[in-house]
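These are the residues of each chain, in order.
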Amino acid sequence: MGEIFVVVEHRDGELREITQQMLWKANELCQSLSNTLTAVIIGGKDEPFIQELTERADRVIVVEDERLKDFNGDYYKEILYRLIQERHPLLTMIGHTPWGMDFGPPLSIKTGFPIATDCVDILVEDGRLKAVRQIYTGKLFSKVSFKESDGYLITVRSGAFPPDKAGEHKGEVIKQEMPADLPEVGKEFIAFEEAAAGEVDITQADLLVSIGRGIGEEDNVAIAKELADMMGGVLSCSRPVVDKNWLPKYHQVGTSGKSVKPKVYLALGISGAFQHVAGISGAGTIIAVNKDKKAPIFRVADYGVVDDLFKIVDALKERLAA
Amino acid sequence: MDIVVCVKRVPLTQEVDLEIDPQKKEVRKDMLAYSINEWDNYAIEEAVLLKEKFGGDVTAVTVGVEDDEEVLRRCLAMGADRAIRVEPGDLSLDPFVISRILAEVIKGVKHDLVLTGVQADDVNDGAVGTMLAEHLGLNHAAVVTRVEPEGNEATIHIELEGGTDEVSKIKFPALLSIQTGINEPRYVSIMGIRKAAKKELKVVKVEELGLSEDDLTPWVSVDEVFLPPETEGAEIIEGDPGTVAEEILRIIKEKGVST
Ligand SMILES: Cc1cc2nc3c(=O)[nH]c(=O)nc-3n(C[C@H](O)[C@H](O)[C@H](O)COP(=O)(O)OP(=O)(O)OC[C@H]3O[C@@H](n4cnc5c(N)ncnc54)[C@H](O)[C@@H]3O)c2cc1C
Ligand SMILES: Nc1ncnc2c1ncn2[C@@H]1O[C@H](COP(=O)(O)O)[C@@H](O)[C@H]1O
């Protein structure tokens, strides 16, 4: 009977939602594999969520030290490497977040355990672990298997599993000191920096008219802005529009932008990459306009229009002006 | 400051009805147009900007077939000094094998900084960059949106979720995976590409690198690719733009938004 590790992601004394999602899946896997579930906390002294996690796992390993208060992927890698050597978990689950992307792949190389990244599902087939991933920004799924190994690593996409918090475990807490002989880290944390607030707050809007790369060029942004004004809505966008400096950052919807909750989200020329749609899970109704009938946005939208966005925008303006 | 940039050529799949190949391992690629991976375009631009400011050499590297040289020529036109293509023959490539090959090549090139993209737009692994850092024993950071070198270190911004950045200091030599939006990649003209044809583009066969069979055996392999499960999906509004517009306005009103 082996273990499944879930690497707890937390910031400023709070669990990140990805942790709950991984615990949900890990619990399910433990049942089918008769494994036990170990939550691994690497953090500062007395992180406030230790107790909560004892209800969700068979054991909670806590490695605590002042130096671990702020995330540092190099420490995570070294500490997890030692824990894996010591306990031989069959599977170690890590969030596919900027932090997980920092230490997950290096940990794979260091342990020699194969890693599948950004997975949306984990399966057991004929007693072997498999992972399901998305490729081509969600247009296709891919089922992958691993080279035979003593253990495996998987990074999990946020939102792939429910954030369900139910749990009847009474996990024991195992506190460990930070190993004394860790190599020097090459990166030094200085500060968090929050994005500046903007002129508009897209999180408060009832109606968002949201544009993606399909808007084509900078001059066309005005066309969409005009529509948003006529409709009494607010203009928002996907990341490429901000990357190209066509709109300021505070318009951006998605994992690295804002999570929004309008009554209606009108997506124009947005393909529906997970980093974008993660930001609109709180929207009441999603209407998507896209030329590509296979665009992944149509899988999350309530209504879809397969057409050129400019034709639809013009027609909307005509109706509104009449 | 000498910089190595890893770049990949990827197929463009937006607005394309993808077809799966008969072995069910990949999409049919014969009809697809290709371009430089979006993230790598920002990475090569960042390298050239740093070179313009601090001096040094920029080398662009790809593991790929002859057609992939197109993206190397593009990098040379943008300001890279030389390019290296590793011909993988009929090896199956996964992030482990790719990073192993890249590490072997980069060992032979002077570098203070190695830049990759955060992810490749085809496989979306987001793994090759930081794996490569581990092979090479380099300090590293993932999802970087700002690089300000000072002596033998740099202040960097790492993008977290929700508009929060982590500001950190990192010592060279280091590997950074570059996020889109970090700069404004310059325009590349056909003339520019022609002019850059004089620059060195070296082709190395993977066999020449002296890697072992273990190094070239993938850790993860594709069993099968498949189209997304047909879930409920959107209700499609049909009709000419006028009819569609009316229907959209009706829905918006119904949902309690006044226009
Ligand atoms: C760490 C990380 C964080 C990220 N964070 C975010 C984030 O917060 N927000 C975000 O949006 N992205 C984010 N991304 C980027 C994300 O992966 C996608 O690259 C991005 O969302 C794509 O934007 P898009 O849909 O506008 O562009 P594309 O994917 O290029 O899609 C454009 C769409 O427009 C359609 N189209 C083109 N012309 C027309 C027309 N005339 N009429 C109708 N349709 C048309 C096309 O069919 C296509 O579907 C992040 C990526 C990473 C790696
Ligand atoms: N075949 C390749 N040749 C050179 N660099 C690559 C290759 N594949 C991936 N990379 C680099 O690794 C980054 C991340 O790719 P991936 O881990 O495949 O999503 C890319 O943005 C490139 O910088």
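Remember, predicted model here, so these are calculated numbers, not experimental data. (Residues numbered from 1 in each chain as written. Chains lettered and ligands numbered in written order. Predicted model: local features only at pLDDT ≥ 70, side-chain atom pairs only at ≥ 80, totals over all residues. Heavy atoms only, no water.)

1. Notes on the interface of chain B and chain A
Across the contact, 84 residues belong to chain B and 88 residues belong to chain A. Counting the surface lost from both chain B and chain A, the interface buries some 7500 Å², and carbon and sulfur atoms represent 56% of this. It is B:Glu134, B:Glu161 and B:Trp219 in chain B that bury the most area against chain A; as a group they hold 10% of the surface buried on that side. A salt bridge links B:Glu38 to A:Arg213, with the shortest nitrogen-to-oxygen separation between them at 3.1 Å. Linking chain B to chain A there are 49 residue pairs in polar contact (both at pLDDT 80 or more). Those elements giving two or more residues to the side of chain B that touches chain A turn out to be α1 (38–54), α4 (128–136), β7 (139–150), β8 (153–159), β9 (164–171), β12 (220–226), β13 (235–236) and α6 (241–254) of chain B. (Contact = heavy atoms within 4.5 Å. Buried area = accessible area lost by both parts, 1.4 Å probe. Salt bridge = Lys/Arg side-chain N within 4 Å of Asp/Glu carboxyl O. Polar contact = N/O pair within 3.5 Å; in protein donor to acceptor, adjacent residues only side chain to side chain. Helix = DSSP H or I, 4+ residues; strand = E, 2+ residues; numbered from the N terminus.)

2. Overview of the domain arrangement of chain A
All names here are of chain A. Entries for chain A in the domain assignment read domain 1 (3–177) and domain 2 (202–321). One C-alpha centre belongs to domain 1, the other to domain 2, and the line joining them spans 34 Å. Listed per partner, the contact involves eight residues of domain 1 and six residues of domain 2. When the buried surface of domain 1 facing domain 2 is broken down by residue, Thr 137, Lys 139 and Arg 157 rank first, second and third, together holding 64% of it. Applying the counting criterion to the domain 1 and domain 2 interface returns one salt bridge. A salt bridge links Lys 139 to Asp 292; the shortest N-O distance between them is 2.6 Å. (Domains from an automatic or database assignment.)

3. Side note on the site of ligand 1
Neighbouring ligand 1 are 31 residues; A:Arg213, A:Ser238, A:Ser256, A:Ser271 and A:Asn290 lie closest to it. Neighbouring residues of ligand 1 are not confined to one chain but are distributed across chains A and B. Residue A:Gln252 places a side-chain N or O atom 2.8 Å away from an oxygen atom belonging to ligand 1. Between A:His276 and ligand 1, the recorded distance is 2.8 Å, taken from a side-chain N or O atom to an oxygen atom. Relative to its unbound accessible surface of 990 Å², ligand 1 loses 93% to contact with the protein. Of all the secondary-structure elements, those providing two or more residues to the shell around ligand 1 are α6 (239–243), α7 (274–277) and α9 (309–321) of chain A. Split into classes, the residues belonging to the shell around ligand 1 amount to seven nonpolar, 16 polar and eight charged. (Near = heavy atom within 4 Å. Areas by Shrake-Rupley, 256 points an atom, 1.4 Å probe, with all protein chains shown as cover. Nonpolar A, V, L, I, M, F, W, Y, C, P; charged D, E, K, R; others polar.)

4. Comments concerning the site of ligand 2
All names here are of chain B. Near ligand 2 there are 19 residues, and of these Cys 6, Asp 40, Ala 120, Gly 126 and Ala 127 occur at the shortest range. Backbone polar atom of Gly 117 to an oxygen atom of ligand 2: 2.9 Å apart, as the coordinates give it. Listed by contribution, the elements that provide at least two residues to the shell around ligand 2 are β4 (58–63), α3 (95–107) and β6 (113–117). At three residues, the largest contribution of residues to the shell around ligand 2 is made by β4. Residue composition of the shell around ligand 2, grouped by class: ten nonpolar, six polar and three charged.

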